[in-house]
Amino acid sequence: MHSVRKQRLYLVLFVVLFSSVAIGLVTYALRGNINLFYPPVQVAEGKAPIGQSIRVGGMVERNSLQRAADSLQVSFMLTDYQASVPVVYVGILPDLFGEEQGAVASGVLDSDGVLQATEILAKHDENYMPPEVAYALENSGYDKKGNTK
Amino acid sequence: MWTFFHKLGSPPWLYAIAGAILRWLVPITLIALISGTVWGLLFTSPDFRQGNSYRIIYIHVPAAVVALAGYYVMAIAGAISLIWRMKMADVVMKAAAPVGAALTFIALLTGAIWGKPTWGTWWVWDARITSMLILLFLYLGVVALYESFDNKEAAGKACAVLSLVGMVNIPIVYKSVDWWYSLHQPASIKFTGESTIDSSMLYPLLLMIAAFYALFTCCLLMNMRAELLQRESRTQWVKRIADEKGRG
């Protein structure tokens, strides 16, 4: 290759490499802010601030969803199977919200460690299948990844 | 073999080759798009949790995949035009930017439409969605930067540098759902290991992804032809084409 072109090639590689390193360092420094939510285990460890608006994401624990009889208030536990965070919310839940499904709750942790949520988002997972397949899987005793339940 | 590559550097040749490719690629693209859409929307069963709203995947995922791939086309063309001063690489770079911007916009829009019923919100500042928005601004930035220069050679250089710097965003978009806690779900189609989307839904999706790649190529070639005519408007071969069109 001609030496001038070689020089320009190195310059291009340098630009790509240098900008990657720069952006990489920025995202590394801001990694806490890029995360959309705290997992319950970090809340349990006290890494999430109390009295500030935060988001907590995880699975809605089985048999933890309770609805008030006279209002729209719901309470449930968000878990990552290592720790759980109780959540209280007044309002309408998204359609895909349910037990054993992913959800992200944003709100403020009170001094008792209860998240007083102002917004609940349902988190969809990467599994897509027709209802018959889901039904067959349910009966087969295997989960979606092929492991026995 | 090498003469073919050298001829690609000549505008009339590139114009003719692009036209020859388009002649059969456009019908193939239309057939693939129509059959993929009909297959995906009418002949697949609804999802076990999302019902029919999941069908937006047949537009959303192909648009997003090709928007990312298209950025590499633009950035690599930019690098070639910087290093080898190839004018035709500059044409490719300029032609790719608006197509990529349109695809990114489609991915963001369909994602918002799907997000409202599924997540409960149109928009959330999550890593995947924010990095995709940055991708849209990078594409639009290249378009705007090119137009802001009077000297087109300088414009090409500036755009090439911008697209090379922006290239770092592509792996970030791609890996954002694995690196950070995000609302957006991880990929369902996996290159290694089993995909987590049922094969009856996967095949029409793969057809749509192929169709969108073809669509991107068609738009790219059409843009390139238009750009070539504009750049070479004072040359004999363009005058000849204009005369032929005028008579026909």
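Residues numbered from 1 in each chain as written. Chains lettered and ligands numbered in written order. Predicted model: local features only at pLDDT ≥ 70, side-chain atom pairs only at ≥ 80, totals over all residues.

(A) A look at the overall build of chain A. For chain A, the helix and strand inventory stands at four helices and six strands. N-terminal to C-terminal, the α/β element order of chain A is α-α-α-β-β-β-β-β-β-α. Taken over the C-alpha trace, chain A has a radius of gyration of 23 Å; the compact-globule value for 149 residues is 15 Å, which it surpasses by more than 25%. When the backbone C-alpha atoms are referred to their principal axes, chain A occupies close to 80 × 45 × 25 Å. Sorting the 149 residues of chain A into buried and exposed places 24% on the buried side. Sequence-distant contacts, at least 24 apart, represent 42% of the contacts inside chain A between residues at least 6 apart. (Helix = DSSP H or I, 4+ residues; strand = E, 2+ residues; numbered from the N terminus. Rg over C-alpha atoms; globule rule 2.2 N^0.38 Å. Buried ≥ 20, exposed ≤ 12 C-beta atoms within 10 Å, placed from the backbone. Contact = placed C-beta atoms within 7 Å.)

(B) Fine view of the packing of helix 1 (residues 3-29) of chain A against helix 3 (residues 57-84) of chain B. It is the contact of helix 1 of chain A with helix 3 of chain B, at a shortest axis distance of 8 Å, that shows an interaxial angle of 145 degrees. Read as a crossing pair, helix 1 of chain A and helix 3 of chain B show a hand that is right-handed. Across the interface between the two elements, A:R5, A:R8, A:L9 and A:V12 from helix 1 of chain A touch B:A79, B:L82, B:I83 and B:W84 from helix 3 of chain B. Among the residues forming the contact of helix 1 of chain A with helix 3 of chain B, the class breakdown is six nonpolar, no polar and two charged. (Axes fitted to C-alpha atoms, helices over the stretch in contact; angles between N-to-C directions. Left-handed = near helix turned anticlockwise from the far one by under 90°. Nonpolar A, V, L, I, M, F, W, Y, C, P; charged D, E, K, R; others polar.)

(C) Geometry of the domain arrangement of chain A. According to the domain assignment, chain A contains domain 1 (3-32) and domain 2 (37-123). Centre-to-centre, using C-alpha coordinates, domain 1 of chain A lies 41 Å away from domain 2 of chain A. (Domains from an automatic or database assignment.)

(D) Quick peek at the nonpolar core. Ranked by internal contacts, the top residues of the largest apolar core, which has 94 residues, are A:A103, A:A105, B:A67, B:M74 and B:A96. The element best represented in this core is helix 3 of chain B, accounting for 18 residues. Once residues within four sequence positions are removed from consideration, B:A67 is found in contact with B:G100, B:L103, B:T104, B:A107 and B:L135. (Core = buried A, V, L, I, M, F, W, Y, C linked by C-beta atoms within 7 Å.)

(E) Quick look at the interface of chain B and chain A. Each partner contributes residues to the interface: chain B has 37 residues there, and chain A has 34 residues. Among the elements of the structure, helix 3, helix 4 (87-118), helix 6 (152-166) and helix 8 (199-231) of chain B are those that each provide at least two residues to the side of chain B that touches chain A. By residue number, the principal contributor to the side of chain B that touches chain A is helix 3 of chain B, which donates four residues. Class assignment of the residues belonging to the side of chain B that touches chain A gives a composition of 23 nonpolar, ten polar and four charged.

(F) Looking closely at the pairing of strand 6 (residues 115-123) of chain A. Residues and elements named next belong to chain A. In terms of strand pairing, strand 4 (residues 84-90) meets strand 6 through three bridges, oriented parallel. Bridge pairing in strand 6 places Y89 opposite A117. Note: strand 5 (residues 102-109) against strand 6, eight bridges, orientation antiparallel. In the strand pairing of strand 6, A103 is matched with A122. What sits between strand 5 and strand 6 in their antiparallel hairpin is a turn of five residues, with G113 showing a positive phi close to 85 degrees. (Pairing = 2+ DSSP bridges.)

(G) Representation of helix 1 of chain A. Under the 1.5 Å per step criterion, the end-to-end length of helix 1 of chain A is 38 Å for 27 residues, consistent within 8% with the ideal 39 Å. With zero of 27 residues buried, helix 1 of chain A lies mostly on the surface of the structure. (Expected span 1.5 Å × (residues − 1).)

(H) Summary view of helix 5 (residues 127-148) of chain B. In this model, helix 5 of chain B (22 residues) spans 31 Å end to end at C-alpha, consistent with the 32 Å of a helix rising 1.5 Å per residue. Along helix 5 of chain B, the positions that sit buried rather than exposed are B:A127, B:R128, B:I129, B:S131, B:M132, B:L135, B:L138, B:Y139 and B:V142. The elements touched by buried residues of helix 5 of chain B are helix 2 (31-34) of chain A together with helix 3, helix 4, helix 6 and helix 7 (169-179) of chain B.

(I) Region of interest: the confidence of the model for chain A. Counting all residues, the mean pLDDT for chain A is 85, and 93% of those residues have values of 70 or more. By mean pLDDT, helix 4 (residues 131-140) of chain A is the weakest element of chain A at 77, and strand 4 of chain A is the strongest at 93. (pLDDT = per-residue confidence, 0-100.)

(J) Seen up close, the pairing of strand 3 (residues 73-79) of chain A. All names here are of chain A. Bridging between strand 1 (residues 53-60) and strand 3 involves two bridges; their strand directions are antiparallel. Across the sheet, residue V60 finds its bridge partner in strand 3, namely L78. Alignment of strand 2 (residues 66-67) against strand 3, held across two bridges, turns out to be antiparallel. Within strand 3, the position partnered with R67 by the bridge is V74. Following strand 2, the chain reverses through five residues before pairing antiparallel with strand 3. One ladder, built from seven bridges, connects strand 3 with strand 4; its direction is antiparallel.

(K) Summary view of unusual backbone geometry. Positive phi is not limited to glycine here, since A:E100 has a value of about 65 degrees. Turning to its location among the elements, A:E100 is positioned in the loop between strand 4 and strand 5. Overall, the presence of 10 C-beta atoms within 10 Å leaves A:E100 in the exposed class. Here B:R85, not a glycine, exhibits a phi torsion of approximately 55 degrees, which is positive. One can find B:R85 in the loop between helix 3 and helix 4. Looking at B:R85, the number of C-beta atoms within 10 Å reads 15, which means it is partly exposed.

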